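Per-entry structural report
Take a look at the letters that make up each chain.
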Amino acid sequence: MNNPLLKVDNLHQHFKISRNFTVKAVNGVSFEIFPGETYGLVGESGSGKTTIGRSIIRLYDPTSGEIIFNRSKISGTLNNKTRRMLRKNMQMIFQDPMSSLNPRKKIGDIIGEGLDIHEIYSDVTERNAIIAEMLQKVGLSPAHAERYPHQFSGGQRQRAGIARALVMKPKLIIADECISALDVSIQAQVVNLMKDIQAETQCAYLFIAHDLSMVKYISDRIGVLHLGYLVETGTTEEIFSDPIHPYTKSLLSAVPCPNPRVEKFRRPVVYDSSNVNYSAATVQKISDTHFVLL
Amino acid sequence: MNEKIILSVENLDITFRTNAGLVHAIRGVDFELPAGKTLALVGESGSGKSVTMKAVAGLLDDNATVNSGKIFYNGLDLLTLSKRDLRKKINGQQIAMVFQDPMTSLDPTMTIGAQITEGMLLHQKISATDAKDKAVELLKLVGLNEPEKRVKNYPHQLSGGQRQRVVIAIALSCEPKILICDEPTTALDVTIQARILDLIQDLQKKMGLSVIYITHDLGVVAKVADFVNVMYAGKIIEAGTVDEIFYDPRHPYTWGLLLAMPDLDTTEDRLYSIPGSPPNLLHEPIGDAFAARNRFAMKIDEREQPPMFKISETHSAATWLLHPDAPKIELPRELRLRLERARKAANL
């Protein structure tokens, strides 16, 4: 395989709450994302999946561990040049399209903000042309640039959020629960849009979600997180047809299946996490792509 | 049906006054809830499912006008009662509600115990100590560990799943007959969701509750519901038993909803999505409100609203496709395969 676009090695992210209390949100997570692929990160709330996304894009300062992106080290202290490279090539789509768009800015200016900062255009006509093209790409119309976020529906706002991420032509997009606030039928539209964009621009996604059925549709490989540890990682096929870790099995069994007669008699697998100690566990290799923490 | 009907809604029609004008949110809704059964109201945001249930619970906002309709609870028309009577006799004691977001539906400045006993002290002749004992008992019933300690906790000391259990305990505190759950698990993740749904089902059996779920998640519906009503643009467009809706859906909108739901068994790498978005009810739709998003739409859909066509005693759908003169259409391939698979998995 070619070089990974993003390599996360033994990432730790701790938050000091008080003198004698530290939240250990992420404990030694390692994974790689290759150009043009989608890596799904799943786990229950509190498992650290959002924290990982935010540490990678450097909204947090990682406690320890190394992150290599686009052949540069982006963990530790950043110099100006690396920071600009990181901000330009990695973008984020946030969970809540209501609160992630500035209500006082027009959609066009929200999308154009990155262009302004990185001075990517030569004149205003070019800037507006880029924004109009972006709006069209995500299924909005160029006239929407003059509107404010509150004038859009939830699905349209999430499209605007995607346009904002895409306008910088990033190599990696971190999508943090970007569909869980949307209705089922709109979720499908947004996921299809993300797939189309990937086919066209060859960008990679880190797709963070707790809904396994959607993750299955979009991801090439999946990592399962629990209590800040990556308990299992493998190709989508491997995770869904041959889950090894008991936590993965319980997560898979909790997905409700839209078939009443089957669903009513199905008992989910219960996973008791009260006395597991992942720090003593070691990573076992199942296949070249499939690893389990046991 | 020979079961006792505990709640029936007839021809409910509600408009909201907004700055932009009148929004016709509910355009004639009828349904019945047999005692002890579970009914699911399914639809996208803005389809009117929450408004319908708020009308039933007497919680409509001040800018809402009920133009017509009746809501019978045990033979009593709730819409003729004054707000005061409704509060005194119905809310909480007969019909209780579990809200979507356990983060915002609890008072952050009150202990869990005080919030559970509040309703009991208001509605029942019960001493404060008895109420407190009952609060502990309720917390035990909803599966919270160390209930004696928990009653002194504040909401922020609990996790999302625990908070939703507290909300359920509050709803059950006055022993209601009907429990309305408005997206009770949307804010929770899948493992917690499964446990909360099991809990509600369990309580339903123990206490003989009738439950109404408002949800857009068809997986949840499949798990809990006996009857399903699919809503679109302020109307019920398909109603039936859960088997009829999942194995033999007739309305193109229901087809779309089923197809948009990712299915762990499909190999298709593209999801079906219903094109477009729901109509804006500021402008009264002419004809079938779904016509613009319906690839099976016919000329009549643009002119006239389809009535409910009866398919069986329990199953009906509002689409002109069921009219005897309508042309026979072929189901989309992916839907046909999926229905076949679902029937096979269910041994039908």
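Residues numbered from 1 in each chain as written. Chains lettered and ligands numbered in written order. Predicted model: local features only at pLDDT ≥ 70, side-chain atom pairs only at ≥ 80, totals over all residues. Heavy atoms only, no water.

**Quick look at the interface of chain B and chain A**
- Taken together, the contact pairs 43 residues of chain B with 33 residues of chain A.
- Both faces combined, the contact of chain B with chain A buries some 3500 Å², and carbon together with sulfur accounts for 57% of it.
- One can count 1 salt bridge joining chain B with chain A.
- In this structure, the connection of chain B to chain A is made through 5 residue pairs in polar contact (both at pLDDT 80 or more).
- For the side of chain B that touches chain A, the secondary-structure elements that each account for two or more residues are α7 (190-207), α8 (218-224), α9 (242-247) and α11 (333-345) of chain B.
- At 6 residues, the largest contribution of residues to the side of chain B that touches chain A is made by α8(B).
- Looking at the side of chain B that touches chain A residue by residue, the classes come out as 23 nonpolar, 8 polar and 12 charged. (Contact = heavy atoms within 4.5 Å. Buried area = accessible area lost by both parts, 1.4 Å probe. Salt bridge = Lys/Arg side-chain N within 4 Å of Asp/Glu carboxyl O. Polar contact = N/O pair within 3.5 Å; in protein donor to acceptor, adjacent residues only side chain to side chain. Helix = DSSP H or I, 4+ residues; strand = E, 2+ residues; numbered from the N terminus. Nonpolar A, V, L, I, M, F, W, Y, C, P; charged D, E, K, R; others polar.)

**Topic: the sheet that holds strand β3 (residues 38-42) of chain B**
Residues and elements named next belong to chain B.
- Spatial ordering of the open sheet is given by β6-β7-β8-β3-β9-β10-β12-β11, a layout of 8 strands whose pairing is mixed. Both edges of this open sheet fall to β6 (95-98) and β11 (309-310), since each of them pairs with a single strand only.
- Bridge count between β6 and strand β7 (residues 178-182): 4 bridges; the pairing is parallel. Within β7, the residue paired with Met 97 across the bridge is Ile 180.
- Relative to strand β8 (residues 210-215), helix α1 (residues 49-57) is tilted by about 145°, and along the sheet it contacts β3, β6, β7, β8 and β9 (227-232). (Pairing = 2+ DSSP bridges. Axes fitted to C-alpha atoms, helices over the stretch in contact; angles between N-to-C directions.)

**Digging into helix α9 (residues 246-253) of chain A**
- Here α9(A) lies mainly inside the structure; 6 of its 8 residues are buried.
- Listed in full, the buried residues belonging to α9(A) are Tyr247(A), Thr248(A), Ser250(A), Leu251(A), Leu252(A) and Ser253(A).
- For α9(A), the elements touching its buried residues are β3 (38-42), α7 (212-218), β9 (221-226), β10 (229-235) and α8 (236-241) of chain A together with α7 of chain B. (Buried < 20%, exposed > 50% of the residue type's maximum accessible area, 1.4 Å probe, protein only.)

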